[in-house]
Amino acid sequence: MASVLIKDTTREQREQIIRQSLDCGGGGCENCSSCHLGGGLPDNIYRDYIEGKKELAEINMEYNARYVGGR
């Protein structure tokens, strides 16, 4: 697998990484319920990654901390 780090990708590649990673079997993300449970739209959750501001791991840790840490 190629690197998904910001330094190794273009904005277009990062958009594609997010789309492909969150595709639930070709039908989009309607099956994960994240949007309906307050998780938000993937494009919004990962906007800082797409724009090259934060790495995926950092966003995922922040997102998980809201639920695991009870915030």
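Here goes a summary of the coordinates provided.

Cut-offs and rules
Residues numbered from 1 in each chain as written. Predicted model: local features only at pLDDT ≥ 70, side-chain atom pairs only at ≥ 80, totals over all residues. Heavy atoms only, no water. Salt bridge = Lys/Arg side-chain N within 4 Å of Asp/Glu carboxyl O. Buried < 20%, exposed > 50% of the residue type's maximum accessible area, 1.4 Å probe, protein only. Core = buried A, V, L, I, M, F, W, Y, C linked by side-chain atoms within 4.5 Å. Helix = DSSP H or I, 4+ residues; strand = E, 2+ residues; numbered from the N terminus. Contact = heavy atoms within 4.5 Å.

1. Here we look at the pattern of salt bridges
Next up, step 1: One pass over the full model with this rule turns up five salt bridges.
Next up, step 2: Of the charged contacts in the structure, one is a salt bridge between K7 and D8, with a shortest N-O distance of 3.4 Å.
Next up, step 3: Assessed through its relative accessible area of 68%, K7 is described here as exposed.
Next up, step 4: In this structure D8 comes out as partly exposed when scored by relative accessible area, which is 38%.
Next up, step 5: With a shortest N-O distance of 3.1 Å, E51 and K53 are connected by a salt bridge.

2. Digging into the nonpolar core
Next up, step 1: Counting 10 residues, the largest nonpolar core consists of I6, I17, I18, I45, Y46, Y49, I50, L56, I59 and Y63.
Next up, step 2: Mapped onto this core, the elements with two or more residues apiece are α1 (11-21), α3 (47-50) and α4 (56-68).
Next up, step 3: In terms of residue count, α4 provides more of this core than any other element does, three residues in total.
Next up, step 4: If near-sequence neighbours (up to four positions away) are discounted, I6 is found in contact with R14, Y49, G52, K53, K54 and E55.

Interpretation note: all reported values are geometric properties and have no functional meaning in isolation.
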